[in-house]
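For reference, the chains in residue letters:
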Amino acid sequence: MITSATIKMKDEEFAELADIIYKNAGITFTINKKYLLENRLTKRLNELNFASYKDYIYFLKYDIKRRDELKILMNLVTINETYFLRERAQMVHMIKKVIPEMASKGKRSFKIWSAACSSGEEPYSIAILLNEEGMYGKYNIEIYATDINTEVIGIAERGVYRSVSFRGVPPSIIDKYFTKTGLDFTLKPEIKSKVKFFHANLMESLAASKIGVTDFIFCRNVLIYFDVEAKKKVVDMFYKTLNLGGHLYLGHSETLSKIDDRYKMVNFGTGIAYVK
C-alpha cells in the first residue's frame, strides 16, 4: 500500500546504501544525512511498491533493471544548485587573459569542459561571454558539458529556464540571448548550439574519454561532496585530460591542497586557477 509518510531507514540500511552511492558517484553521505536520503528516496520506494530500504538495496544489487535504477538513484541524490554567470570572474579570466595569451603563441583551437554542469547554466554562460567578447569569430571553440544526473542533462539540452536561474544577470544579457514566453526563458539557438551535452560519471575514466584532451575544465562546487580518495581520483583524471598549460577552475571553497601537488596555483585577484 502506497503512503505519503516518510519511510524510515535503519542504520545498517543507510550504511549499505551510502556505500552504493559512494562507489558509483564518489559522493559521501554521513549518518547525520540519513534524513536527507529518507526524504529523497521515500517517493521512489513507494513507486516501486517497496516497504523497506532492504528491498530497495536488494533491487539495486541484483535486479535485471539495476543499472537503470542506479541512474535514477543518482538523479535523486545529487544536488543541482546553479544559475547563470555564477562565479563569473573565473570565466572572464579564461576569456580575457588566458585564451588571448595562448592565442599570442599561435593556438587557434580551444576545448572547454564543464564537468558536473547540472542544468546547463554554467556552459551556456561561458558560451554567452565568449560571444560577447567576439571569440567565435576569431577561434575554433568547442564546449562540452557533462553531468551524472540524466534529468538535469535533459533540462540543459532543452535550454528553457525560469527567473531563478538569472540571479544578478544584467537584463541586457537576458534580452539578447533569451526569448521570454510566460514564465519561461528559452535560450536562443545561436548559443544553444555552442554546447554539446553528455551523461558522464566523474568517478569513471570513461568520462574523460568522451571529451578527449582539453584546455579548460570547470568543476565547481562538486569536490566538496567527495572524500579525499575520490577527490584524488577525479583530479588525477582532470590532470591527464588537460593539455600542458591547461587550466582547472574549482569553486571558491574548494582547494587542491593535500590533494594533488602537480598543478600550479594561480591567484588572479578575483579567483584561483590550477594550471597543468
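Up top is the structure these notes are about.
Here is a short report on the structure shown in this document. These figures come from a predicted structure and were not determined experimentally.

**Things to note about the sheet that holds strand S5 (residues 184-187)**
Here is step 1 of the chain: Reading across from one edge, S3-S5-S4 is the order of the three strands in this open sheet, with antiparallel pairing throughout. Edge positions in the sheet fall to strand S3 (160-161) and strand S4 (178-181), since each has one partner strand and no second.

**Observations regarding the packing of aromatic side chains**
Here is step 1 of the chain: For the structure shown, the criterion picks out 14 aromatic pairs.
Here is step 2 of the chain: Ring centres of Phe 50 and Tyr 56 lie 6.4 Å apart, and the angle between their planes is 55°; on these two criteria the pair is classed as tilted.
Here is step 3 of the chain: Given the relative accessible area of 18%, Phe 50 is considered buried.
Here is step 4 of the chain: Assessed through its relative accessible area of 0%, Tyr 56 is described here as buried.
Here is step 5 of the chain: Following the ring pairs from residue to residue traces out a cluster consisting of Phe 84, Tyr 161, Phe 166, Phe 178 and Phe 185.
Here is step 6 of the chain: The aromatic ring of Tyr 136 is capped on one face by Lys 194, whose charged end is 4.2 Å from the ring centroid.
Here is step 7 of the chain: The cationic tip of Arg 262 hangs over the ring face of Tyr 239; the distance from NZ or CZ to the ring centre is 4.1 Å.

**Description of helix H5 (residues 88-104)**
Since the α-helix turns once every 3.6 residues, residues separated by three or four places project in the same direction.
Here is step 1 of the chain: The end-to-end C-alpha separation of H5 is 24 Å, in line with the 24 Å expected for 17 residues at 1.5 Å each.
Here is step 2 of the chain: The axis of H5 is deflected most strongly, by about 35°, at Met 94.
Here is step 3 of the chain: Restricting attention to buried positions, one finds in H5 the residues Gln 90, Met 91, His 93, Met 94, Ile 95, Val 98, Ile 99, Met 102 and Ala 103.
Here is step 4 of the chain: Elements in contact with the buried residues of H5: strand S1 (109-115), helix H6 (121-132), strand S7 (214-219), strand S8 (242-250) and strand S10 (272-275).
Here is step 5 of the chain: The positive-phi residue at the C-terminal boundary of H5 is Gly 106, with phi of around 105°.

Conventions used here
- Residues numbered from 1 in each chain as written.
- Predicted model: local features only at pLDDT ≥ 70, side-chain atom pairs only at ≥ 80, totals over all residues.
- Heavy atoms only, no water.
- Pairing = 2+ DSSP bridges.
- Helix = DSSP H or I, 4+ residues; strand = E, 2+ residues; numbered from the N terminus.
- Phe/Tyr/Trp six-rings, centres within 6.5 Å; stacked < 30°, edge-to-face > 60°.
- Buried < 20%, exposed > 50% of the residue type's maximum accessible area, 1.4 Å probe, protein only.
- Lys NZ or Arg CZ within 6 Å of the ring centre and 35° of its normal.
- Expected span 1.5 Å × (residues − 1).
- Bend = angle between axes of the 7 residues up to and from the residue.
- Contact = heavy atoms within 4.5 Å.

None of the figures reported here should be taken as evidence of function without further support.
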